[in-house]
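# Chains, contacts and geometry: an overview
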Protein chains: 2
Amino acid sequence: MSGTDRSRPDAAAGEDGSLVVVLVEPQLPENIGMVARAMLNCGLDRLRLVRPRETWPNDKAVAAASGADRVLDKARLYPSTAAAVTDLHFVCATTARPRYMTKQVLTPRSAASEMRARAAAGQSVGVVFGREASGLDNDDIALAQAIVTVPLNPGFSSLNLGMAVLLLGYEWFTSSAAVAPTELMMPEETRPATQAELHGFYEHIEGELDQCGFLRNIAKRPSMVRNLRNLFGRASLTQQEVRTLRGIVTCLVEARHAKR
Amino acid sequence: MSGTDRSRPDAAAGEDGSLVVVLVEPQLPENIGMVARAMLNCGLDRLRLVRPRETWPNDKAVAAASGADRVLDKARLYPSTAAAVTDLHFVCATTARPRYMTKQVLTPRSAASEMRARAAAGQSVGVVFGREASGLDNDDIALAQAIVTVPLNPGFSSLNLGMAVLLLGYEWFTSSAAVAPTELMMPEETRPATQAELHGFYEHIEGELDQCGFLRNIAKRPSMVRNLRNLFGRASLTQQEVRTLRGIVTCLVEARHAKR
């Protein structure tokens, strides 16, 4: 089920310009069903599942979807969070907990507004939701351009997956593309980088940093890599800028090789 | 449990100025529990039940409340919708279906705004939700000052009781001025980089890019430098990240010098 369209990600992503919902390792099929129900209430039907714990398709999910079967029928499976977002231009990660990273934190409303504006400009946008028990891990979050936190009662914050998707979907549905709180001005000849392009750059620079010894501390390597991805992920890089950054890394490194 | 405070309704209603949630003839105790959970997430704890179908208190409700026990413990029983709203100054009735009556129809957002303003002026406000299967009847609706309709997908409108209460509660909660739309989250031990630190990094990397030949095209150099500064300038770099980036450039370059 996964990957049939991943060879032509832009076609898949652009199918209707609506929000993509990604669930990372959902544990209970009932929750996937409730997410589908919440989504269709909000006019959304593009569901992506990263390694669901139970078999898929799943009858318990269908029962919980209360008629939102077509969301489940269209759902695609992915082997990793990175694979599930690879064709998207702007990705939000939902998390209630502050993490030790520097990242923009949006409310569902400002996230919806931002994503609407980007979708109106032809970009593919998505929101990633974590496991029921443990949420998203830092590597998942590092893949996102921004964090969405639902600003509810700090004394009792207990939204289940369906409720969280509902609030995001509701804000998406009720937001209009007309008003953007921020706008990314961009030369006409370029476009935002896809996540695949970003990941290609990450792997390139990380490979070179392994070579030169910058990432030699094995214990610290994962957090250093995350920090680096967060830093570049925040910059809303264009395709051209990703190419420039890769050129910079190559130039510095080739000069080194030329000396050999 | 019902009515202990009904002899002094104003004292009960004015206890904290927050929104009252009224469920009319809820059928499943699980749904009452999910409503309690949704409410407490939104900082609400004033639940009123009109003739619940099953016995009350109810363990199934407690299980579904996921820890929002105090909402259930405080819940009050009423013999009629009229009795449940008698002390309120402004009552909204939720219904998805247009009825043959002349009444103001609000979205959850405009209802929240209206109710906040009234609560701030000392009024008691509440929202009435109908039976799972059949919603509110016309007599219930006639008791309300306004109707609230959730503006979702007209092709699939299937909110359960917990979801409907969540959306109203969410709008109530976020209509307080305290919720900022965006915020830059950052680890406590760091701070945003100063412009001086940014400029130091720019000069450092540009110097190295002159060395390795990346900026050798004199005509294009100014715009390339500008683009690079724009790219990093957008990322809201922290002091620590600027140090990391300088470390990366140095590492790549020192490996080169070591070969000489």
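Fair warning: this is a prediction, and the values are worked out from it, not measured in the lab.

The rules we used
- Residues numbered from 1 in each chain as written.
- Chains lettered and ligands numbered in written order.
- Predicted model: local features only at pLDDT ≥ 70, side-chain atom pairs only at ≥ 80, totals over all residues.
- Heavy atoms only, no water.
- Contact = heavy atoms within 4.5 Å.
- Buried area = accessible area lost by both parts, 1.4 Å probe.
- Salt bridge = Lys/Arg side-chain N within 4 Å of Asp/Glu carboxyl O.
- Polar contact = N/O pair within 3.5 Å; in protein donor to acceptor, adjacent residues only side chain to side chain.
- Helix = DSSP H or I, 4+ residues; strand = E, 2+ residues; numbered from the N terminus.
- Nonpolar A, V, L, I, M, F, W, Y, C, P; charged D, E, K, R; others polar.
- Buried < 20%, exposed > 50% of the residue type's maximum accessible area, 1.4 Å probe, protein only.
- Core = buried A, V, L, I, M, F, W, Y, C linked by side-chain atoms within 4.5 Å.
- Pairing = 2+ DSSP bridges.
- Axes fitted to C-alpha atoms, helices over the stretch in contact; angles between N-to-C directions.
- Parallel < 35°, antiparallel > 145°, perpendicular 65-115°, else oblique.
- Left-handed = near helix turned anticlockwise from the far one by under 90°.
- Domains from an automatic or database assignment.
- Phe/Tyr/Trp six-rings, centres within 6.5 Å; stacked < 30°, edge-to-face > 60°.

Next up on the list: the interface of chain A and chain B. Listed per partner, the contact involves 69 residues of chain A and 66 residues of chain B. Buried area between chain A and chain B, both sides added, is near 5700 Å², and the carbon and sulfur share of it is 69%. The interface formed by chain A and chain B contains three salt bridges. Salt-bridge contacts for Arg234 of chain A lead to Glu241 of chain B; the nearest nitrogen and oxygen are separated by 2.6 Å. On the surface where chain A and chain B come into contact, there are 14 residue pairs in polar contact (both at pLDDT 80 or more). Put simply, the parts of the chain that give the side of chain A that touches chain B at least two residues each are helix H2 (29-41), strand S5 (103-106), helix H6 (108-120), helix H8 (161-174), helix H9 (195-212), helix H10 (221-233) and helix H11 (239-258) of chain A. For the side of chain A that touches chain B, the element with the highest residue contribution is H11 of chain A, accounting for 10 residues. Partitioning the side of chain A that touches chain B into residue classes produces 39 nonpolar, 19 polar and 11 charged.

Once that is clear, we can look at the pattern of salt bridges. Residues and elements named next belong to chain A. Under the counting rule described, the total for this entry stands at 29 salt bridges over all chains. A salt bridge links Arg131 to Glu25; its shortest N-O distance comes to 2.7 Å. With Arg131 in the loop between strand S6 (125-129) and helix H7 (138-142) and Glu25 in the loop between strand S1 (20-24) and H2, this residue pair connects regions lying 106 residues apart in the sequence. What makes Glu25 partly exposed here is its relative accessible area of 23%. Here the salt bridges do not stand alone but share partners, grouping Glu25, Arg51, Arg131, Asp137 and Asp140 into one network.

Another point: the nonpolar core. Membership of the largest hydrophobic core comes to 88 residues, with the highest contact counts inside it found for Leu23 and Leu47 of chain A together with Leu23 and Leu47 of chain B. Counting residues per element, this core draws most heavily on helix H8 (residues 161-174) of chain B, at 10 residues. The contact partners of Leu23 of chain A, leaving out residues within four places of it in the chain, are Ile32, Val35, Leu47, Arg48, Leu49, Val50, Phe129, Leu161 and Val165 of chain A. Counting 45 residues, the second largest nonpolar core, distinct from the first, contains Ile205 and Leu215 of chain A together with Leu215 and Ala235 of chain B.

This paragraph deals with the sheet that holds strand S5 (residues 104-106) of chain B. Residue and element names in this part refer to chain B. The seven strands lie next to each other as S3-S2-S1-S6-S4-S7-S5, forming an open sheet whose pairing is parallel. Only two strands of the sheet have a single neighbouring strand rather than two, namely strand S3 (76-78) and S5. In this sheet, neighbouring strand axes are inclined to one another by 30° on average, regardless of whether the strands run parallel or antiparallel. Note: strand S1 (residues 20-24) against strand S2 (residues 46-50), five bridges, orientation parallel. Within S2, the position partnered with Val21 by the bridge is Leu47. Those strands touched by helix H2 (residues 29-41) are S1 and S2, and its axis lies near 160° from that of S2. In the packing of H8 onto the sheet, contacts are made with S1, strand S4 (90-94), strand S6 (125-129) and strand S7 (146-148), and the angle to S6 comes to roughly 160°.

The next point concerns the pairing of strand S4 (residues 90-94) of chain A. Remark: a regular strand shows side chains that alternate across the two faces of the sheet. Residues and elements named next belong to chain A. Summarising burial for S4: five of the five residues are buried, a large majority. Of the two faces of S4, the one carrying Phe90, Cys92 and Thr94 and the one carrying Val91 and Ala93 are both buried. Where S4 and strand S7 (residues 146-148) come together, three bridges link them in parallel fashion. Opposite Cys92, over in S7, you have Ala146 as the bridge partner.

This part covers the packing of H9 of chain A against H10 of chain A. Residue and element names in this part refer to chain A. Direction vectors running N to C along H9 and H10 enclose 140°, while the axes themselves pass 11 Å from each other. Relative to H10, H9 is oriented oblique. Our pair here, H9 against H10, has a crossing hand that is right-handed. Contacts from Phe201, Tyr202, Glu206, Leu209 and Asp210 in H9 reach Arg221, Val225, Leu228, Arg229, Phe232 and Gly233 in H10. Among the residues forming the contact of H9 with H10, the class breakdown is six nonpolar, one polar and four charged.

To continue, consider the domain arrangement of chain A. All names here are of chain A. Each assigned domain of chain A is listed with its residue range as follows: domain 1 (17-174) and domain 2 (195-258). Computed from C-alpha atoms alone, the centre-to-centre distance between domain 1 and domain 2 is 28 Å. Across the domain 1 to domain 2 interface the summed buried area is about 1200 Å²; carbon plus sulfur atoms make up 43%. Linking domain 1 to domain 2 there are one salt bridge. In this structure, the salt-bridge partner of Arg226 is Asp139, at a minimum N-O distance of 3.3 Å. The interface formed by domain 1 and domain 2 contains five residue pairs in polar contact (both at pLDDT 80 or more). Per-element tally for the side of domain 1 that touches domain 2: the top contributor is H7, with four residues.

All told, the structure shown has six aromatic pairs over all chains when counted by the stated rule. Aromatic pair Tyr170 of chain A and Tyr170 of chain B: ring centres 6.5 Å apart, planes at 85°, arrangement edge-to-face. Taken together, the residues Tyr170 of chain A in helix H8 and Tyr170 of chain B in helix H8 connect one chain to another. Like Tyr170 of chain B, Tyr170 of chain A is buried.

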